[in-house]
Structures are given as structure tokens and as C-alpha cells.
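What follows is each chain in one-letter form.
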Amino acid sequence: MNLQITAPAAAPGTPRKLPRWLAPALDVATPVLGGLAFLLCWEIFVRAFEVSRFILPAPSAIFAKLVAEFPVLLKALLFTATITVSAFIAAVVSGIAVGVLITQHRLTEKLVWPYAVALQVTPMVAIAPLVVIWVGLDRVWLGLMVLAWIVAFFPMLSNTVVGMKSADHGLRNVFQLYRASRWQRFRHLQLPAALPYILAGARISSGLAVIGAVVAEFVAGSGAATGLAWVIVESGTMLDVARMFAALLMLSLFGLSIWFVMGHVQRLLLSRWHESEVSQEG
Amino acid sequence: MNAPRAEFLDAEPLVRFSGVDKVYANGTLALKNLDLSVRPGEFVSLLGPSGCGKSTALRIVAALGHHSSGRVERPGEGADARGEIGFVFQEPHLMPWGTVFDNVYLPLKLLGKSRAAAKAEVMAVLEMVGLSGFADSYPRELSGGMRMRVSIARALVTRPRLLLMDEPFAALDEITRNKLSRDLLSIWQASGATIMFVTHSVYESVYLSSRIVVMAARPGRIIGELDIAEPYPRDEEFRLSPEYAAHCREVSALLARAMNEAA
């Protein structure tokens, strides 16, 4: 029998190769177009069924509210953003520091770890009143920061601890062979090995810091602390649902931008060596 | 270049095991009454079935493991003698976050040498393993064989008197393995280092070694030694020669005895 092997003709329906510039453009355009279509359906739905604006305002009404109240909303956003970012930075610094310290000695890890877990599993909502009393009612912002820090701290700590222990066993032998000092082992082996874990932790932590700041404000906030969460509570009591949506929108845009910044930092630091950031050529 | 055996015999041994025992914490007797001398310039293979303690012996030489009793003399005892021993593991074990240059530079960095001062040495040893053009590549961009070359370069960069290799080619395909074996022989001759090579391949050990030490398992012990008194450099022709085949038969017979005694 005569065996012939030929390349299969392009099957019908096989996607053709896209031009180089089109792929990234599609990455942006697809979700944007999807979102616009969704808003359009929402608008039509609200108008067609004459839904009460106290239940579901139309996107156009929300946008109008956003424009009208922009200065107030922006001020609230800045407040929430300050709390979130400072709590996040505090969590990153303290999480890495404690994580590094407790992995230097087995004993310290045994001592600290259960309490770190306890701090993590205790609901933040339950600690909030206590924290507010401690920092004083005239400094609610500090209380919010502490609460957001508590929530964002644990992923940093646990990821640093796991990362510090993840160094390749054979590489540890290499360091041992050349009698590396404890500092050399930390600086040139454990810390770089832990970096991908620390960055993954930071990404989780950044999201949790936003959640922490908002929930803390729900629980402990007052007229003195006017972040976005308080705007939502306030608008809710006034049944100004469009304003609630406007505040929500700003909150999620803020969360998204933090997520993108963290993703960018991660790519920048790991781009050439870590499998998670390397795309396979096909 | 012939490496006559007589030259080895005259010199003081570089490594000497006298009555070395190694007992693991769980009671396993990994090495029993091991006597072994390696002289400067030799290429000695430790050949045996798994569990015969050949890797354990190598780790003891590198001070990555400790023996339970007996006497071990090895280079690199003093504080200033770091870098007297190079070690190549079964896997390359490179730092994924560093370039090829960073990885090869690592031992010198740990010994306190600046990057600028080490540059010439690193480039020279990269040239020796045939990776001159890859100094700025990352390990993930290299093939398995090239990663192993980086690992060998890292072990050689301190110009060690003794190079320990623990089944370095076991995870590579046969074509790459043969190529690396041939290159290892020229590296050995160019560097002047003494090599202790752990393997479970009869063919690999006969091709590479000036002497083969055959070990048996349970407990780990030496069962016999064979000189491969064939001249270096050895090329692909040697692999096809009747002498090579004869040596392989001889070593296989000894290995078979090791297996029988263990069983």
C-alpha cells in the first residue's frame, strides 16, 4: 500500500491567524463592547418596564448622578483609597518582615503561627468595635486602617512563609557546599525563591485591603469618616439608589486599577524567569 | 595525551576513606567499612545498584553528609579551602531567576569575589563547557543538556581540585549524554581536576573512567575495582572497539556479582 502523508487542508471553520496588532486590541475591545451591550440592555429594560428608580435606576440616571456629585464622590474615594493603600503597604511590609523573621528559627514559627491564624479566622467585623474604642472615636480613620491591615496581613504572611521554604533543595546544597552565610542564603536564595509567592500574596492582599477598608467603614464609620462605603450607607438610608450605584462604580473602578497595578508589578519583576509570566511560543 | 596509571600511584591520595561506616537515623546501614583512595588526576567512577551508598559516599566527601565512624580525608578542610570541591547533582539545580552568568558566578559571589573581578573566570569556564554565547540566557530558555553544562560550569568556576558528579547525565537522552560524556573528558583534561563520578551505567563508566569501583547494596560496600587502562583522549571510535566491549563485559560480570551478593 502506498502511504502518503500530507498536511491536512485547513479544516472549514479553522480560525485564520490574526494580524499582530489585532490581538491586544481585541483583549481590550471585547470586554468593553460586552459591557456597553450589557448597559444598553439594562437601559432598555428599565425604560420598557418602567422600573422604579428606587429599585433599579437606568445607567443614564447613574451616570448623571456621577457627574452631578463628582466632587463629593471623588473626596470619598480619596479617603477610602488612602485608607486602603496605607493599610496595604503596612500589610506588605509587616507580612514580609514577620514571615522572614519566623522562618529564620523553627521555634519562632511555632510561637507566632497559631496566633497569626487566630487573627485571620476571627471575623474582622467582630473586632471592629474594640479597635474603634482603642484608637478613639476622634480617630476613626486610624481604626479603619488597622482593620483593613488585619484583613490584608495574613495572605502576605502565609505566602512569605511558604515562599521562604520553597527554595530548591539542590540549590540549598550548593549554598552549603560553599559555606554560605545565613545572610547570603537569605539574600541570594530564599528571598528570590519567595518572590513569586510574595507577589501572589500581594495581589490577594491588595484586593482584601479594599474589602477591609469598606467593611470597616460599614461597621465603624460615622459622619467623621466619609469614605465611599459611608456614601453607600448614607444614600441607602435616603433611598438614593442611583447615588449608591455611582459610589459602587467608583469603588469597583478603584479595585480594578489596584488589581492592574499589582499585575503590572508582578510581570515586571518575574517576566523573564518565572513560568507564570512566560508565554509559550506555539 | 596518555594518563599513565603510575603517575596516580606516586601521588598522595586526594580523598581517602578508611573504614568508613554510615548509619542513617532509621538504622539503615548505608556504608559498611568503606576503604577507598582517589589520587590526583584520576577519573574514578563509583558504579553500583541503587541503594549501594555511592551517592552517600559522594555527599560525605563534599561534607553535605556525615559519616558515623571511620576516617575521611578530603580536600577543603581549612576555612580558606572553600571552592576546593565542586559538585554536580543529578539535576542541574540552577537559580531560575538568574542568567547563565549569574548561575556560574554564584560560587565566586559566595566566596566574596566581585562581579567585575569574576567576569573573566566565568567567561573562561563558560567557553570550556561550550556556552560562550549564552551568558545572558535564563535557564528556562535552555535545553536539558545545556542546563547541565551550566551546572558543570558552576562546579568548575572555583577551579576545584576535586569534582564530584552524582549521576549528572541520568536524566538526559542518550544522544545528549554521549556528547556530554565526550566533552566531560576534554573538560577533565583541560581543567586538571580529579573526578569522582557516580553512575549506574556500565557503558558510561567504562567510557569515562580511569578506574571503576563497583559497589553492592545492603549494606553499601565495595565489591571490586577495575582499571580501565586505555589511553585518553577517548573518542567515539573507542566506544566501538573490542577493548571497550571487553571492559564492559568485565565490569558487567563484577556488577552481576554485586547484585547476587545483595540478593
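Worth saying up front: this structure is predicted, and the values here are computed from it rather than measured.

J.: Can you explain the packing of aromatic side chains? Please cite residues and give values.
T.: Residue and element names in this part refer to chain B. The final tally for this structure, using the stated rule, is 14 aromatic pairs over all chains. For the ring pair Trp188 and Tyr232, a centre distance of 4.7 Å and an interplane angle of 70° mean the geometry is edge-to-face. Of this pair, Trp188 sits in helix H6 (residues 174-191) while Tyr232 sits in the loop between strand S9 (221-227) and helix H8 (236-240); the two residues are 44 residues apart in sequence, bridging distant segments of the chain. What makes Tyr232 buried here is its relative accessible area of 3%. Each residue in the set Phe43, Phe169, Trp188, Phe197 and Tyr232 is aromatic and connected to the rest through ring pairs, giving one cluster. Taking NZ or CZ as reference, Arg234 lies 4.0 Å from the ring centre of Tyr232, over its face. Sitting over the face of the ring of Tyr207, Arg239 holds its NZ or CZ atom 3.9 Å from the ring centroid.

J.: So what about unusual backbone geometry? Which residues, and what values?
T.: Residue and element names in this part refer to chain B. Between Arg218 and Pro219 the backbone carries a cis peptide bond, its omega angle lying at -10°. Its location among the elements puts Pro219 in the loop between strand S8 (211-216) and S9. The amide bond that connects Tyr232 to the next residue, Pro233, takes the cis arrangement and shows omega of -5°. Looking at the secondary structure, you find Pro233 in the loop between S9 and H8. A positive phi angle, near 50°, is found at Asn33, a position not held by glycine. Counting through the fold element by element, Asn33 comes out in strand S2 (residues 29-38).

J.: Let's hear about the pattern of salt bridges: which residues, and what values?
T.: Counted according to the given criterion, the structure contains 18 salt bridges over all chains. Taking the shortest distance from any N to any O, the salt bridge between Asp240 of chain A and Lys65 of chain A comes out at 3.2 Å. Linking Asp240 of chain A in the loop between helix H9 (228-237) and helix H10 (241-270) with Lys65 of chain A in helix H2 (residues 59-68), this pair joins segments that are 175 residues apart in sequence. Residue Lys65 of chain A is classed as partly exposed on the basis of its relative accessible area, which comes to 22%. With a closest N to O distance of 2.9 Å, Asp102 of chain B and Arg115 of chain B form a salt bridge.

J.: Tell me about the domain arrangement of chain B, residues and numbers included.
T.: Residue and element names in this part refer to chain B. Domain boundaries in chain B define domain 1 (5-75 + 161-262) and domain 2 (92-160). Taken over C-alpha atoms, the centre of domain 1 sits 25 Å from the centre of domain 2. Every contact between the two is made by 15 residues of domain 1 and, on the other side, 11 residues of domain 2. Summed over both partners, the interface of domain 1 with domain 2 comes to about 1,000 Å²; 77% of that surface belongs to carbon and sulfur atoms. Looking at the side of domain 1 facing domain 2, the largest losses of area belong to Leu163, Leu180 and Ile187, adding up to 44% of the total buried there. For the pair domain 1 and domain 2, the interface holds 1 salt bridge. Across the pair Asp183 and Arg149 runs a salt bridge whose closest N-O atoms are separated by 2.9 Å.

J.: Help me get a handle on a nonpolar patch on the surface, residues and values and all.
T.: A contiguous nonpolar surface patch, about 600 Å² in accessible area, is contributed by Val28, Val32, Leu33, Leu36, Phe38 and Leu39 of chain A. Secondary-structure assignment places Val32 of chain A in helix H1 (residues 22-48).

J.: Account for the packing of helix H3 (residues 70-104) of chain A against helix H6 (residues 140-164) of chain A, with residues named and values stated.
T.: Residue and element names in this part refer to chain A. Interhelical geometry of H3 versus H6 gives an angle of 35° and a closest axis separation of 6 Å. For the element pair H3 and H6, the recorded crossing hand is right-handed. A per-class count over the contact of H3 with H6 returns 21 nonpolar, 7 polar and no charged.

J.: So what's going on with helix H3 (residues 100-110) of chain B? Which residues, and what values?
T.: Among the 11 residues that make up H3 of chain B, 10 are buried, leaving the element largely enclosed by the rest of the structure. Listed in full, the buried residues belonging to H3 of chain B are Val100, Phe101, Asp102, Asn103, Val104, Tyr105, Leu106, Pro107, Leu108 and Leu110 of chain B. Contacts made by the buried residues of H3 of chain B are with helix H7 (169-177) and helix H8 (182-220) of chain A together with helix H4 (115-128) and helix H5 (144-156) of chain B. Just downstream of H3 of chain B lies Gly112 of chain B, where phi reads positive at about 90°.

J.: Describe the sheet that holds S8 of chain B, listing the residues and the values that go with them.
T.: The strands making up a sheet are joined through hydrogen bonds of the backbone, oriented either antiparallel or parallel. Residue and element names in this part refer to chain B. Here 6 strands make up an open sheet; going across it, the order is S5-S6-S7-S3-S8-S9 and the pairing mixed. The sheet is open, and its two edges are formed by strand S5 (85-88) and S9, each paired on a single side. When the angles between neighbouring strand axes are averaged without regard to direction, this sheet yields 15°. With 4 bridges joining them, strand S3 (residues 43-47) and S8 adopt parallel strand pairing. In the strand pairing of S8, Val44 is matched with Arg211. The strands touched by H5 are S5 and strand S6 (162-166); relative to S5, the strand with the most contacts, the crossing angle is about 165°.

J.: Hey, could you go over the side chain of Thr56 of chain B for me, with residue numbers and the actual values?
T.: All names here are of chain B. The topology assignment puts Thr56 in helix H2 (residues 54-61). Looking at Thr56, the relative accessible area reads 13%, which means it is buried. What Thr56 contacts, discounting residues up to four positions off in sequence, is Lys22, Tyr24, Ala30 and Leu31.

What counts, and at which threshold
Counting of residues starts from 1 at the beginning of each chain's written sequence and follows it residue by residue. Each chain takes a letter, starting from A, and each ligand takes a number, starting from 1, following the order in which they are written. Local features in this predicted model are restricted to residues whose pLDDT is 70 or higher, and side-chain atom pairs enter the listing and the counts only when it is 80 or higher, whereas totals over whole chains, interfaces and linings include all residues. Derived side-chain values reflect all non-hydrogen atoms in the structure, with water molecules and hydrogen atoms excluded from consideration. A pair of aromatic rings is counted whenever rings of Phe, Tyr or Trp (Trp by its six-membered ring) have centres within 6.5 Å, and the orientation is called stacked for planes under 30 degrees apart, edge-to-face for over 60 and tilted otherwise. A run of DSSP states H or I qualifies as a helix once it reaches four residues; a run of E qualifies as a strand once it reaches two. Both are numbered from the N-terminal end. Per-residue accessibility, obtained with a 1.4 Å probe over protein chains only, is compared with the maximum for each type, and a residue is labelled buried under 20%, exposed over 50%, and partly exposed between these values. The criterion for a charge sitting over a ring is simple: Lys NZ or Arg CZ within 6 Å of the ring centre, and within 35 degrees of the ring normal. Only one rule defines a salt bridge in this text: a Lys or Arg side-chain nitrogen within 4 Å of an Asp or Glu carboxyl oxygen. Here the bounds of each domain stem from an automatic or database domain assignment. Whether two residues are in contact is decided by their heavy atoms, any of which lying within 4.5 Å being enough. Put simply, buried area is the surface a 1.4 Å probe can reach on two separate parts but cannot reach once they are joined, added for both. Each patch is built from residues that are more than 30% exposed by relative accessible area and take part in no salt bridge. Like charges join if they lie within 9 Å; nonpolar side chains (Val, Leu, Ile, Met, Phe, Trp, Tyr) join within 5 Å. For the accessible areas, the method is Shrake-Rupley and the probe is 1.4 Å, while residue cover comes only from the protein chains on display. Comment: axis = line fitted to C-alpha atoms, over the contacting stretch for helices; angle = value between 0 and 180 degrees taken between N-to-C directions. Crossings are classed by handedness, with left-handed meaning an anticlockwise turn of the near helix from the far one by less than a right angle and right-handed meaning a clockwise turn. Amino acids are sorted into nonpolar (Ala, Val, Leu, Ile, Met, Phe, Trp, Tyr, Cys and Pro), charged (Asp, Glu, Lys and Arg) and polar (every other residue, Gly among them). At least two DSSP bridges between two strands are required for those strands to pair.

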